[in-house]
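Each chain, letter by letter, is given below.
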Amino acid sequence: MRNSNHFKITFKTKTFSDAFRLIQMNTDNKCRRFMKMCKNMSEFSELGKDDKIGLLIDGFPKILSLLSVLNFNFEGRFWTIPFEFKSDMIMFDLLSAVVLFNPNGSILTHKHFITLQQKIYMYLLQRYLEIKHNSKSESETRFLRLMNCVNELHECRSPVAHRYDRLRSTSDAEYTQH
């Protein structure tokens, strides 16, 4: 993993197990932060247990996937911590809420409420970008780019989840053998 401001290697792994443990620790930290964010959202708290579980099961892996894509340097083939994205936690939190409140989950019972919440967070993200960039056209361009990423994320999540689950079961088996 490299810090994008200084291009300094912050972690170097030599084995698959070490790399997987590093990813797992990072994922655990992100999961705790995501759960804390959800608990602080009154809209999420108002949902029934089944809808909460459905949104978390569907939303958290998508948010992890989004973070992974945003943090990967495809040319250098390493993960980075982009300064702009890391420093703009408001944008990330709003985008996370848009991804979380996805009404297309199969086990959701209050889809109309979830759709409304997603639209509210999309509006808040759009307004935030307008204020931040002080330009309607720039904010619209960035908002549309983010929404395209979210739509693509919804489309490609299943194959990624299947590979991740397969990788995890392989790593768990390898880890228990040692």
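For clarity, every value in this text was computed on a predicted model and none was experimentally measured.

Caption draft 1: Layout of the nonpolar core. Among the nonpolar cores identified, the biggest contains 32 residues, and Phe44, Leu100, Phe101 and Leu125 are the most heavily contacted of them. For this core, the secondary structure elements donating two or more residues are helix 1 (16–39), helix 3 (49–70), helix 5 (89–100), helix 6 (111–133) and helix 7 (136–177). For this core, the element with the most residues is helix 5, which contributes eight residues. In this structure, Phe44 is in contact with Cys38, Lys52, Leu55, Leu56, Leu100 and Phe101, ignoring residues within four places of it in sequence.

Caption draft 2: Layout of the packing of helix 1 against helix 5. It is the contact of helix 1 with helix 5, at a shortest axis distance of 11 Å, that shows an interaxial angle of 75°. Classified by the angle their axes make, helix 1 and helix 5 are roughly perpendicular. Only Met89, Phe92, Asp93, Ser96, Ala97 and Leu100 of helix 5 make contact with helix 1, whose side of the interface consists of Arg33, Phe34, Met37 and Cys38. The residue makeup of the contact of helix 1 with helix 5, split by class, is seven nonpolar, one polar and two charged.

Caption draft 3: Structural context of the packing of aromatic side chains. A full pass over the atoms with the stated rule returns two aromatic pairs. Between Phe34 and Phe60 the ring centres are 5.3 Å apart and the planes differ by 40°, which places this aromatic pair in the tilted class. Taken as a pair, Phe34 in helix 1 and Phe60 in helix 3 lie far apart in primary sequence, 26 residues in all. Here the aromatic rings of Phe101 and Tyr121 are separated by 5.8 Å at their centres, their planes lie at 5°, and the arrangement is stacked. With a gap of 20 residues between them, Phe101 in the loop between helix 5 and helix 6 and Tyr121 in helix 6 connect regions that are remote in the sequence. Across the pair, exposure class does not vary: Phe101 and Tyr121 are buried alike.

Caption draft 4: Broad picture of the environment of Ile114. Of note, Ile114 is situated in helix 6. Of the residues examined, Ile114 reaches a relative accessible area of 0% and is grouped as buried. For the pair Ile114 and Leu55, spaced 59 residues apart in the sequence, the C-alpha separation amounts to 9.2 Å. In this view, Ile114 contacts Leu47, Asp51, Leu55, Phe101, Asn102, Pro103 and Leu108; residues no more than four positions away in its chain are not counted.

Caption draft 5: Structural context of helix 1. Between its first and last C-alpha, helix 1 extends 34 Å over 24 residues, near the 34 Å set by a 1.5 Å rise per residue. Residues of helix 1 that are buried include every one of Ser17, Phe20, Thr27, Phe34, Met37 and Cys38, and no others.

Reading guide: rules and limits
- Residues numbered from 1 in each chain as written.
- Predicted model: local features only at pLDDT ≥ 70, side-chain atom pairs only at ≥ 80, totals over all residues.
- Heavy atoms only, no water.
- Core = buried A, V, L, I, M, F, W, Y, C linked by side-chain atoms within 4.5 Å.
- Buried < 20%, exposed > 50% of the residue type's maximum accessible area, 1.4 Å probe, protein only.
- Helix = DSSP H or I, 4+ residues; strand = E, 2+ residues; numbered from the N terminus.
- Contact = heavy atoms within 4.5 Å.
- Axes fitted to C-alpha atoms, helices over the stretch in contact; angles between N-to-C directions.
- Parallel < 35°, antiparallel > 145°, perpendicular 65-115°, else oblique.
- Nonpolar A, V, L, I, M, F, W, Y, C, P; charged D, E, K, R; others polar.
- Phe/Tyr/Trp six-rings, centres within 6.5 Å; stacked < 30°, edge-to-face > 60°.
- Expected span 1.5 Å × (residues − 1).

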